[in-house]
Amino acid sequence: MTKYIIRRILMAIPVVFLMVLATFVLVHAMPGGPFDAIGQRSMPEHIRILLERRYGLDKPLYQQFFDYLMNLLRGDFGPLFRQPSQTVNDIIAQTFPVSIQLGLMSVAVGFVLGIPLGIFAALNHNTPIDYTTTFLAVIGVSIPALVMGPLLIYTFGVKLGWLPIAFWGADPPFILGFLPKPTADFWSHAVMPVFSIGTGMAAGIARLTRAGLLDVLSSDYIRTARAKGLRERVVIVVHALKNSLIPVVTILGPLLAGAVTGSFITEQIFALNGMGRRFVNSIGEREYFLQTSLVLVYGVLLIFGNLLVDIIYAWLDPRIRYD
Amino acid sequence: MTPEKQLEQLVDNNKDLGKSRSPLQDAMREFRRNKIAVGGMVFVVFVMIVAIAAPVFAPYHYATQNLRNNRAKPMEGYDILVSYAEKECHWYNTPLEWGCTVFIAGSDALGRDLWSRIVYGTRVSLSVALAAATVSLVIGLIYGTVSGYSGGRVDNLMMRIVDFLYAIPLLPIIILMTVYFNAVSRQGAESGLMSVLINLDRLAGGLLFVFIAIGALNWIGMARLARGQVLSYKEKEFVEAARAIGAGNGHIIFKHLIPNVLGPLLIAESMAIPGYIFLEAALSFIGLGVTPPTPSWGAMINEGYSGIRSNPHLVLFPGVALSVLTLAFNFMGDGMRDAFDTRLRGRN
């Protein structure tokens, strides 16, 4: 297994390299540059040239890319053109924890709500309980974070006034660099953003769990287990459940990607200082290093997410062997 | 279920016993029996009609402004020129500038009728659903079929490319590409492919690149599905038989493989459509979709959400529209999957 993990990480290096190269070329190909204007006025030519030289933008592109890679290896993501007091490292240190907290909590909500609901529905197959759960789940997958966010804000923030409608309740410094201090303030701020992503996920997971469990329950080995006279609880918990979760795990990858997509929107709606919002806000700017670096961080996250999925997969399904 | 009813159903199930039914007829029958799925389909068809005949359903043009009547609450209007309006005041029979205006769903910050904008917004959502589904289906089908049918080295290489695209975060890159395209198209191009694209984009209300982006994001799954289907069918006896009597590759691909591959792909597409609609709304929300004043539900939510405290309807109505259309597509897609998946028949 260790060998497999190491090999996967080594295989990821060319993928990351190509991704960074493509992004780097793309952002540099955009018309205009970072120093075209100061506010509403256009930048004097000689100052622009000096500034570009200061950041090495006058060098040929391959040279710039090489320098960027060398700096990356030293752990330096590069400068920000428009906020010289900060670097891309600072931005990532501030925004990455917020996004990762939001993403992990949303996925957790998705699983903690979704799996039991799916099991509950499958065990009560073709009863009103099943129909109600299934119906709620379809509604759940039909409400995107883009709609759920404002809906929650309106209900719990504006009408009822129970929860704060914006901002994240934890600020740097974070414990271990990414964990928040679990204060009441943190939780009250986190509830709505997390649920606006998490409910849709929970609904999707519930549907998959239900379908997976129903599929497994009608298989021969479950009939065998019942025929042996095992108690129903043992049949479900020991024999059926683990296998029924395999299809659920397969969507963990797309789900993590979905958490990223969701965070683009949700961070915007709740004005959270996360990576998604920073990325979206940077699209009108020409912050070459910031944009390339954020794509890099997303890419590494996704690769580790997919690796994690494959490991869980092997654990759930012993037929799968990696070596 | 009472025994009589059971008997009735039994008779009903077997009334055309002895007649042979094709798998398609079978699936259609199964689909028709699913009331919720049929309901979803009827609603989708209704929304299509609304989209095509938008001027009939929308009292105003989506871009007509009435700054004096901005941010009106639902069912509310400000009768500014009451003396004129009092005489003949029916709903929507008077021009917007003349007061006596009742906005069914309120009006936005520029005094544009929200209901009309929601009605015109169906055009954006549905055309994205259709175009993105077509783009990803065509690319996925061609790519997957070529890859699966060729086999060997070509297949290997093509699947490595797919794996690569699967492993990277496409959405941020697609967003950057959309930004690039928008920036270049603002600059304008005199000739070549870029100017053709820019003109097409103008025709599509700024949506062309959204179509391409969403299709580009989603063809990968379709290609994998198509390849898997081709791999399993190309070893089947009927393909062997066709080859034995001397059929060429083109004949086998178009007459034997694609008809079989198409079904599962169409079902996968119908399940994926809600995702396309969400993605368009998300792109328009962050300002990368339609060009104003073309109304997109995502863009409308973006315009309204900062004022949710005083004017919640500006966010909630487009949001509800988005969710209801998605719900209908989900019901329809689920029904199609259940109807065509013979493995599940009789269980769900």
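Note that the coordinates shown come from a computational prediction; the quantities given were computed from them, not determined experimentally.

Asks: Looking at this model, I keep getting lost on the overall build of chain B. Mind explaining?
Replies: Scanning chain B from terminus to terminus reveals 14 helices and zero strands. Traced from its N-terminal end to its C-terminal end, chain B shows the element sequence α-α-α-α-α-α-α-α-α-α-α-α-α-α. Burial statistics for chain B: of 348 residues in total, 42% are counted as buried. When contacts within chain B are restricted to residue pairs at least 6 apart in sequence, long-range pairs at least 24 apart make up 73% of them.

Asks: Just checking my understanding: could you explain the overall build of chain A for this structure?
Replies: Tallying secondary structure elements over chain A gives 13 helices and two strands in all. Counting only C-alpha atoms and orienting by the principal axes, one finds that chain A spans roughly 85 × 55 × 35 Å. Within chain A, the proportion of its 323 residues that are buried is 39%. In chain A, the share of contacts with a sequence separation of at least 24, taken over all contacts with a separation of at least 6, comes to 73%.

Asks: Please clarify how helix 13 (residues 297-304) of chain B should be interpreted in this entry.
Replies: Residues that lie three or four places apart on an α-helix share one face, since the helix turns once every 3.6 residues. With eight of eight residues buried, helix 13 of chain B is to be regarded as a mostly interior element. Residues of helix 13 of chain B that are buried include every one of B:Trp297, B:Gly298, B:Ala299, B:Met300, B:Ile301, B:Asn302, B:Glu303 and B:Gly304, and no others. For helix 13 of chain B, the elements touching its buried residues are helix 6 (145-159) of chain A together with helix 6 (114-150), helix 12 (249-285) and helix 14 (313-340) of chain B.

Asks: Explanation requested: the packing of helix 1 (residues 2-29) of chain A against helix 13 (residues 288-316) of chain A in the structure shown.
Replies: Describing two packed helices takes the angle between their axes plus the distance from one axis to the other. All names here are of chain A. The contact between helix 1 and helix 13 brings their axes to 9 Å, and the two run at 155°. When the axis of helix 1 is compared with that of helix 13, the two are roughly antiparallel. Helix 1 and helix 13 meet at a crossing whose hand is right-handed. For the pair helix 1 and helix 13, the contacting residues are Ile 5, Arg 8, Ala 12, Val 15, Val 16, Met 19, Val 20, Thr 23, Phe 24, Val 27 and His 28 in the first and Tyr 288, Gln 291, Thr 292, Val 295, Leu 296, Gly 299, Val 300, Ile 303 and Leu 307 in the second.

Asks: Would you mind going over the environment of A:Ala184 with me for this structure?
Replies: Residues and elements named next belong to chain A. Summarising the element assignment, Ala 184 is placed in helix 7 (residues 184-217). For Ala 184, a count of 8 C-beta atoms within 10 Å corresponds to the exposed category. Between the C-alpha atom of Ala 184 and that of Gly 169, which follows or precedes it by 15 residues, the distance is 8.6 Å.

Asks: I would appreciate a short explanation of the interface of chain B and chain A in the present structure.
Replies: The figure often quoted for interface size is the accessible area lost as the parts come together. Across the boundary between the two partners, chain B contributes 37 residues, which contact 43 residues of chain A. Of all the elements in the fold, those that place two or more residues in the side of chain B that touches chain A are helix 7 (152-167), helix 8 (170-187), helix 12, helix 13 and helix 14 of chain B. Considering every element that reaches the side of chain B that touches chain A, the biggest residue donor is helix 8 of chain B, with 11 residues. Taken together, the residues that form the side of chain B that touches chain A break down as 29 nonpolar, six polar and two charged.

Asks: What's the story with the packing of helix 5 (residues 128-142) of chain A against helix 7 of chain A in this structure? I'm lost.
Replies: All names here are of chain A. Between helix 5 and helix 7, the least distance of the axes is 8 Å, while the angle of their chain directions is 135°. Overall, the two elements helix 5 and helix 7 adopt an arrangement that is oblique. Viewed along their axes, helix 5 and helix 7 form a crossing whose handedness is left-handed. Judged by residue contacts, Thr 133, Ala 137, Gly 140 and Val 141 of helix 5 engage Thr 199, Gly 200, Ala 202, Ala 203, Gly 204, Ala 206 and Arg 207 from helix 7. Of the residues that constitute the contact of helix 5 with helix 7, the class distribution is five nonpolar, five polar and one charged.

Asks: Is there a simple way to explain helix 7 of chain A in this structure?
Replies: Residues and elements named next belong to chain A. Here helix 7 spans only 43 Å end to end across 34 residues, well under the 50 Å set by a 1.5 Å rise per residue. A bend of about 40° at Phe 195 is the largest found in helix 7. In terms of burial, helix 7 is a largely internal element, 25 of the 34 residues being buried.

Asks: What is the right way to look at the domain arrangement of chain A in this model?
Replies: Domain boundaries in chain A define domain 1 (17-73) and domain 2 (90-280). The C-alpha-based centres of domain 1 of chain A and domain 2 of chain A are spaced at 40 Å.

Asks: Whenever I open this one, the nonpolar core confuses me. Can you help?
Replies: Most often, soluble globular proteins keep nonpolar side chains buried together rather than apart. Core analysis: the biggest nonpolar cluster contains 162 residues, and B:Val128, B:Ala132, B:Ile214, B:Tyr276 and B:Ala282 have the highest contact counts within it. With 16 residues, helix 6 of chain B is the largest single contributor of residues to this core. There are two domains that each give this core at least three residues, and those are domain 1 (17-73) and domain 2 (90-280) of chain A. Ignoring anything within four residues of it in the chain, the contact list for B:Val128 reads B:Leu207, B:Val210, B:Phe211, B:Ile214, B:Tyr276, B:Ile277 and B:Glu280.

Asks: How do you make sense of the environment of B:Ser296 when you look at a structure like this?
Replies: All names here are of chain B. Locating Ser 296 in the fold gives a position in the loop between helix 12 and helix 13. Separated by 21 residues in sequence, Ser 296 and Phe 317 place their C-alpha atoms 12 Å apart. Among residues more than four places away in sequence, those in contact with Ser 296 are Gly 121, Val 124, Glu 280, Ala 281, Ser 284, Gly 289 and Val 290.

Asks: How should I be thinking about unusual backbone geometry in this particular structure?
Replies: Residues and elements named next belong to chain A. Look at Phe 167: it is not a glycine, yet its phi comes out positive at around 75°. Tracing the backbone through its elements, the reader meets Phe 167 in the loop between helix 6 and helix 7. C-beta crowding within 10 Å serves as the criterion here: with 14 such atoms nearby, Phe 167 is assigned to the partly exposed category. With a phi angle near 50°, Ala 271 is a residue other than glycine that sits in the positive phi range. Residue Ala 271 is classed as partly exposed on the basis of its C-beta count, with 14 C-beta atoms lying within 10 Å.

Asks: Mind showing me how you'd approach the confidence of the model for chain B here?
Replies: Atomic detail in the predicted coordinates should be set aside for any region of low pLDDT. All names here are of chain B. Mean pLDDT over chain B: 80, with 86% of residues reaching 70 or higher. Low pLDDT, under 50, characterises residues 79-94; the predicted model gives this stretch 19 contacts beyond four residues in sequence or across chains. Taken as a whole, residues 344-348 scores under 50 in pLDDT and shows five contacts with residues more than four places along the chain or in a different chain. On the interface metric, ipTM, the complex scores 0.87, and its pTM is 0.85.

Conventions we followed
Residues numbered from 1 in each chain as written. Chains lettered and ligands numbered in written order. Predicted model: local features only at pLDDT ≥ 70, side-chain atom pairs only at ≥ 80, totals over all residues. Helix = DSSP H or I, 4+ residues; strand = E, 2+ residues; numbered from the N terminus. Buried ≥ 20, exposed ≤ 12 C-beta atoms within 10 Å, placed from the backbone. Contact = placed C-beta atoms within 7 Å. Axes fitted to C-alpha atoms, helices over the stretch in contact; angles between N-to-C directions. Parallel < 35°, antiparallel > 145°, perpendicular 65-115°, else oblique. Left-handed = near helix turned anticlockwise from the far one by under 90°. Nonpolar A, V, L, I, M, F, W, Y, C, P; charged D, E, K, R; others polar. Expected span 1.5 Å × (residues − 1). Bend = angle between axes of the 7 residues up to and from the residue. Domains from an automatic or database assignment. Core = buried A, V, L, I, M, F, W, Y, C linked by C-beta atoms within 7 Å. pLDDT = per-residue confidence, 0-100.

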